[in-house]
Every structure is written in C-alpha cells, then in structure tokens.
Amino acid sequence: QVQLVESGGGLVQAGGSLRLSCAASGSIFSINAMGWYRQAPGKQRELVAVITSGGSTKYADSVKGRFTISRDNAKNSVYLQMNSLKPEDTAVYYCNLNMGVMPRYDYWGQGTQVTVSS
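In short, a report on the structure. (Residues numbered from 1 in each chain as written. Predicted model: local features only at pLDDT ≥ 70, side-chain atom pairs only at ≥ 80, totals over all residues. Heavy atoms only, no water.)

## Section: the packing of aromatic side chains
By convention here, two paired aromatic rings are described through the distance between centres and the angle between planes.
Reasoning step 1: All told, the structure shown has 1 aromatic pair when counted by the stated rule.
Reasoning step 2: Ring geometry for Tyr37 versus Trp108: centroids 5.0 Å apart, planes at 70 degrees, classification edge-to-face. With a gap of 71 residues between them, Tyr37 in strand β4 (residues 31-39) and Trp108 in strand β10 (residues 104-108) connect regions that are remote in the sequence.
Reasoning step 3: Overall, Tyr37 belongs to the partly exposed group, its relative accessible area being 23%.
Reasoning step 4: For Trp108, a relative accessible area of 37% puts it in the partly exposed group. (Phe/Tyr/Trp six-rings, centres within 6.5 Å; stacked < 30°, edge-to-face > 60°. Helix = DSSP H or I, 4+ residues; strand = E, 2+ residues; numbered from the N terminus. Buried < 20%, exposed > 50% of the residue type's maximum accessible area, 1.4 Å probe, protein only.)

## As for the sheet that holds strand β3 (residues 18-26)
Reasoning step 1: The strand order β1-β3-β8-β7 describes an open sheet built from 4 strands, whose pairing is antiparallel. Pairing within the sheet leaves two strands with one partner each, and these edge strands are β1 (2-7) and β7 (67-72). The average angle at which neighbouring strand axes cross in this sheet is 15 degrees, direction not considered.
Reasoning step 2: Looking at chain direction, β1 and β3 are connected through 6 bridges and run antiparallel. (Pairing = 2+ DSSP bridges. Axes fitted to C-alpha atoms, helices over the stretch in contact; angles between N-to-C directions.)

## A look at the pattern of salt bridges
Reasoning step 1: This structure, assessed with the given rule, holds 4 salt bridges.
Reasoning step 2: A salt bridge links Asp61 to Lys64; its shortest N-O distance comes to 3.1 Å.
Reasoning step 3: The salt bridge involving Arg66 is made with Asp89; its shortest N-O contact spans 2.8 Å. Residue Arg66 is found in the loop between β6 (57-59) and β7, and its partner Asp89 is found in the loop between β8 (77-82) and β9 (91-100); the two are separated by 23 residues along the sequence.
Reasoning step 4: Look at Arg66 and you get buried, because its relative accessible area is 10%. (Salt bridge = Lys/Arg side-chain N within 4 Å of Asp/Glu carboxyl O.)

## Some points on the environment of Ser56
Reasoning step 1: Note that Ser56 resides in the loop between β5 (46-52) and β6.
Reasoning step 2: Using a relative accessible area of 47% as the deciding quantity, one classes Ser56 as partly exposed.
Reasoning step 3: Setting aside residues up to four positions removed in sequence, Ser56 forms contacts with Val50 and Ile51. (Contact = heavy atoms within 4.5 Å.)

The structure is reproduced here in structure tokens:
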C-alpha cells in the first residue's frame, strides 16, 4: 500500500506564489517518476509537471517558466513551486507516483485545491 499526502494549496491573488508538497509512504520501490497533475471544473485532468528518478523534467507549455518541480529522493517527496500564478491555474492539483518495472503502478494523492483570484 502506498499513500501520497499533499499540502500547500490555498487561495492566492494573481501574480502570487504557492509551493505544493507531496510525501509518499508505504511499500515504495523502483520509483520511475513523480509529478503533478491538475483538474479544473468541467475539464479533464492534465499533466502539469513530472520529474523522473534521474532528474529529467517535463512541463506543460502553459506553466513553463513559472512553475518548477523538484524532488527529494531520500524523503520520497516531490514539490511544485508555482510563481506568477494566473486565474487559469485554478484547479485541484494531484500528486502522482509511478513505480515498478513490469508492471508499472500509478498512485494518486487526494488532491489539494489551488485558487487564484484576479
């Protein structure tokens, strides 16, 4: 069993910053990547940023240059620094952990609300 606990969401004005944290615990092995996804009302869940075990990163075009993903392998944790926030960044943000080889497993956090006011 794997648990992901997120923190750091909240309400912020446009142009402000927030930092999301996610800590994984439980039967963790062979982590491939950890990342952040978001889902706005009426929209599908989308990738925000992901970081592999080797440190490679990938960002959605909409957040490039504003968001930074990082991880602490020793703590099985991943972080998302969000700067220059826009109202369109408003969504529930979910932490994701992908681990294993064959098969691979995906685990999700409960989600944390980020609301950006204009």
